[in-house]
Amino acid sequence: MSEIQKQIDLSTQIAGVKLKSPFVLASGPLSFDAEGMIRAYRAGAGACVTKTLRDNAAINPVPHIGSFGRDTLINCEKWSDFDADIWIEKEIPKAKKEGVVVIGSIGHTPEEAKNLVKAVADAGADMIELVSYSEDTMIPMVDIACRNANIPIICKMSPNWPDPASTAVKCLEAGAQAISAIDSIGPTLKIDIYNARPEMNSEDGYGWMSGSAIRPIAIRIVSEIARKDCKELIGIGGVTKAEEAVEMLMAGAGAVGVCSIAMLKGIGVFEKLNKNLSKLLAELGYSSIEAVKGAALPNFPKKEIIGTLDFKFDESLCTKCKKCEIVCCYLARKLEFPQMKLDEDLCRYCGLCISTCPTGALKGKVSV
Ligand SMILES: Cc1cc2nc3c(=O)[nH]c(=O)nc-3n(C[C@H](O)[C@H](O)[C@H](O)COP(=O)(O)O)c2cc1C
Ligand code: SF4
Ligand code: SF4
């Protein structure tokens, strides 16, 4: 690790709770018990969210998790398959004993919030994350949670609700201290072509999508919540590497939840994410999470920008892959190495060639 990297402060805080790293193990199969959370914490996670607790243990259909490829999953997994009592009496205290920052996830009804919030807080959880199927049940859950616990309450937003950013504001007004966004997206469908039937065996064959494919939706929703002045925000959804975590932070998150990529690549991903994030922040000139948090928010265009692109071609970085030429729908670009030719009459300045250049050999600056 370079000297500059060592000076990067990866610590952050959510609702006053200090985290050693911005990466949070989001609720899912890796936090099915204390052991999973302890492993994630030791690997470098700043906090771990339990699998969602409800009044009754879940029985899951078989199978209930599949892969869409490209770091993207479908699942119809329900909440925790442990009774809440096991979490309260054994798993949360065990994780706390090992120093894990524990976020107790509780779903999905006001009745269950009444039954579980105090017990989970008393078991030692540092924060509570409320999960619900709709805004209508989330708001009363917040009210009950605030009256039953004196630890921070986080509300998890679903992308499947009509307006998660407005719901986030209502949750904060109802007393929540922080927001997390987003949960998996759906319902979605994957067909097993060898058996001509849905791959998931939920009642309707549907499942929910997580991982890389949902990231642009997650980042958009996180930015919308942040632009409504929410400062305590955990951004979750599709983050697989440091660059994507920086996007999430720049969109306004102060911490980054990770579920699918840790399932697909193993718990060691936290160590790698921390290392690469330090390196990347140093390269980008940010000294801390606080410094990069929300960096993109002042730069959203207020109106459409009409103009052209001033291209720059650096032949020393060009691998002659011709991706820039192939993706140009208007046949405006031609690589005649070492020259990069552009027909300005054909070019629509769409930007795809610079966005797909894998090495940064082709760049473009907006000119108005
Ligand atoms: C198999 C699986 C199970 C999940 N179970 C829960 C859960 O019990 N409670 C919850 O709030 N979110 C659950 N999630 C959603 C994740 O916490 C997270 O919000 C979502 O997967 C997006 O993050 P990712 O793209 O990093 O996976 C689950 C996700 C997966 C893939
Ligand atoms: S995409 Fe980039 S690296 Fe590939 S040929 Fe074009 S400029 Fe060169
Ligand atoms: S900006 Fe668009 S239209 Fe112009 S050369 Fe690149 S890909 Fe073609």
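Bear in mind that the values here come from a model prediction, so they are computed numbers and not experimental data.

The rules we used
Residue numbers run consecutively from 1 along every chain, following the written order of its sequence. Lettering for chains starts from A, numbering for ligands starts from 1, and both go in the order in which the items are written. Two thresholds apply to this predicted model, a pLDDT of at least 70 for residue-level local features and 80 or more for giving and counting side-chain atom pairs, whereas whole-chain, interface and lining totals are computed over all residues. With hydrogens and water excluded, all non-hydrogen atoms of the structure serve as input to the side-chain values. Secondary structure counts use DSSP, requiring at least four H or I residues in a row for a helix and at least two E residues in a row for a strand, with both numbered from the N terminus. Atoms counted for the radius of gyration: C-alpha only. Globule rule: 2.2 Å times residue count to the power 0.38. Relative accessibility under 20% of the residue-type maximum defines a buried residue, over 50% an exposed one, and the middle range a partly exposed one, all with a 1.4 Å probe and only protein chains included. Throughout, a residue-residue contact means that at least one pair of heavy atoms, one from each residue, lies within 4.5 Å. Each accessible area is a Shrake-Rupley result for a 1.4 Å probe, and residues are judged covered by the shown protein chains and nothing else. Counted charges follow a simple rule, with Lys and Arg positive, Asp and Glu negative, and His plus the chain ends left uncounted. Charge coordinates come from a single atom per side chain, which is NZ of Lys, CZ of Arg, CG of Asp or CD of Glu. The rule for pairing is simple: two strands pair if DSSP sees at least two bridges between them. Axis lines are fitted through C-alpha atoms, for helices just across the contact stretch, and the angle between N-to-C directions can take any value from 0 to 180 degrees. Consider each residue's heavy atoms; a residue with any of them within 4 Å of a molecule or strand counts as near. Note on residue categories: nonpolar means Ala, Val, Leu, Ile, Met, Phe, Trp, Tyr, Cys or Pro, charged means Asp, Glu, Lys or Arg, and polar means any other residue, Gly included. Under the rule applied, a polar contact is a pair of N or O atoms within 3.5 Å (in protein, one hydrogen donor and one hydrogen acceptor; residues adjacent in sequence only if both atoms are side-chain atoms). Per the annotation, domain bounds derive from an automatic or database assignment of domains. Aromatic rings from Phe, Tyr and Trp, taking only the six-membered ring of Trp, are treated as a pair when their centres fall within 6.5 Å; an angle between ring planes under 30 degrees marks them as stacked, one over 60 as edge-to-face, and anything in between as tilted.

Peer 1: Mind laying out the overall build of the protein, listing which residues take part and the relevant values?
Peer 2: Broken down by element type, the protein carries 13 helices and 20 strands. A globule of 368 residues ought to have a C-alpha radius of gyration of about 21 Å, and the protein, at 22 Å, matches this closely. Each principal axis of the C-alpha distribution contributes one length, and for the protein these read about 70 × 55 × 40 Å. Here the protein holds 368 residues, and the buried ones make up 50% of them. Considering only contacts in the protein between residues 6 or more positions apart, those separated by 24 or more positions represent 68%. Roughly 17,900 Å² of accessible area belongs to the protein as shown, and the carbon and sulfur atoms make up 52% of that amount. Mean positive and mean negative side-chain charge positions of the protein (43 and 46 charges, respectively) differ by 5 Å.

Peer 1: Mind laying out the sheet that holds strand β7 (residues 102-106), listing which residues take part and the relevant values?
Peer 2: The eight strands are arranged β3-β4-β7-β8-β9-β10-β15-β16 in a closed barrel whose pairing can be described as parallel. Between one strand axis and the next, the sheet turns by 25 degrees as a mean value, whatever way the strands run. The sheet contact formed by strand β3 (residues 23-25) and strand β16 (residues 255-258) spans three bridges and is parallel. Note that in β16 the partner of Leu 25 across the bridge is Val 258.

Peer 1: If you had to explain the site of ligand 2 to someone new, which residues and values would you point to?
Peer 2: Around ligand 2, 15 residues are found, and the nearest of them are Cys 318, Cys 321, Lys 322, Cys 324 and Cys 357. Its residues assigned to classes, the shell around ligand 2 shows 10 nonpolar, two polar and three charged.

Peer 1: I'd like a rundown of the sheet that holds strand β14 (residues 207-211), residues and numbers included.
Peer 2: With antiparallel pairing, the four strands of this open sheet are ordered in space as β5-β6-β14-β11. Whereas interior strands pair on both sides, the edge strands pair on one side only; in this sheet they are β5 (65-69) and β11 (185-188). This sheet shows a mean twist of 35 degrees between the axes of neighbouring strands, independent of strand direction. Two elements, β11 and β14, share two bridges in a ladder whose sense is antiparallel.

Peer 1: Could you give me a rundown of the site of ligand 1, with the residues and numbers involved?
Peer 2: Around ligand 1, 25 residues are found, and the nearest of them are Ser 27, Lys 51, Thr 52, Gly 238 and Ser 260. In the model, an oxygen atom of ligand 1 is placed 2.9 Å from a nitrogen or oxygen of the Lys 156 side chain. Protein burial of ligand 1: of its 610 Å² of free accessible surface, 96% is covered by the chains. Within the residue set of the shell around ligand 1, elements represented by two or more residues are β14 and α9 (260-265). Across the shell around ligand 1, the residue classes tally to 10 nonpolar, 10 polar and five charged.

Peer 1: Please set out the domain arrangement of the protein residue by residue, giving values where relevant.
Peer 2: According to the domain assignment, the protein consists of domain 1 (3-299) and domain 2 (308-367). Relative placement of domain 1 and domain 2: their C-alpha centres are 39 Å apart.

Peer 1: Let's hear about the packing of aromatic side chains: which residues, and what values?
Peer 2: Geometry of an aromatic ring pair is reported as the spacing of the ring centres plus the angle between the planes. Considering all chains together, one arrives at three aromatic pairs under this definition. On the basis of an interplanar angle of 20 degrees and a centroid distance of 6.2 Å, the ring pair of Phe 311 and Tyr 349 is categorised as stacked. With Phe 311 in strand β17 (residues 308-313) and Tyr 349 in the loop between β19 (339-342) and α13 (352-356), this residue pair connects regions lying 38 residues apart in the sequence. The class for Phe 311 is partly exposed, based on a relative accessible area of 23%.

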